[in-house]
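Okay, here's what each chain looks like letter by letter:
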Amino acid sequence: RLGPHEKFPLVWEFRFCPERRFRFDCAWPEHKVAVECEGGLWVTSRHRSGLGYHRDMQKYNLATRLGWKLLRFAANDLDLSPLQTIEQVTNLLESRP
């Protein structure tokens, strides 16, 4: 039996569109599944600025148009609820053909 990392090879900082510099935090390209860890939710950061938020929306919409399924998590979700976070990703990966 393969472990999760062997069954679903993970790619960090995956650039999903050659025409744009957009990257996912991690992705499973074979399944077109990606994860974004949203940092800076409670502080001012690039992602929480108007321009940063707008660019993130462009990125997520482009990914959807290209057929990607995207899961977004708060940066501390893996610390606070690791089993539930991993289970969500695994369920999505296993549901793909």
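So, a few notes on the structure that sits alongside this text. (Residues numbered from 1 in each chain as written. Predicted model: local features only at pLDDT ≥ 70, side-chain atom pairs only at ≥ 80, totals over all residues. Heavy atoms only, no water.)

1. Details of the pattern of salt bridges
1) Next: In this structure the tally under the stated criterion is three salt bridges.
2) Next: Among the ionic pairs, glutamate 38 bridges to arginine 72, the shortest N-O distance being 3.0 Å. In this pair, glutamate 38 sits in strand S3 (residues 33-38) while arginine 72 sits in strand S4 (residues 69-74), placing the two residues 34 residues apart along the sequence. (Salt bridge = Lys/Arg side-chain N within 4 Å of Asp/Glu carboxyl O. Helix = DSSP H or I, 4+ residues; strand = E, 2+ residues; numbered from the N terminus.)

2. So, the packing of aromatic side chains
1) Next: On inspection of all chains with the given rule, the structure shows five aromatic pairs.
2) Next: Their ring planes at 15° and their centres at 4.2 Å tell us that phenylalanine 16 and phenylalanine 24 sit as a pair that is stacked.
3) Next: For phenylalanine 16, a relative accessible area of 8% corresponds to the buried category.
4) Next: Pairing phenylalanine 24 with tryptophan 68 gives two aromatic rings, centres 5.0 Å apart and planes at 55°, and the pair type is tilted. Placement of phenylalanine 24 in strand S2 (residues 23-28) and of tryptophan 68 in the loop between helix H2 (50-65) and S4 is noted, with a sequence separation of 44 residues between them. Like phenylalanine 24, the residue tryptophan 68 is buried in the burial classification.
5) Next: Through successive ring pairs, a cluster of aromatic residues spans Phe14, Phe16, Phe22, Phe24 and Trp68. (Phe/Tyr/Trp six-rings, centres within 6.5 Å; stacked < 30°, edge-to-face > 60°. Buried < 20%, exposed > 50% of the residue type's maximum accessible area, 1.4 Å probe, protein only.)

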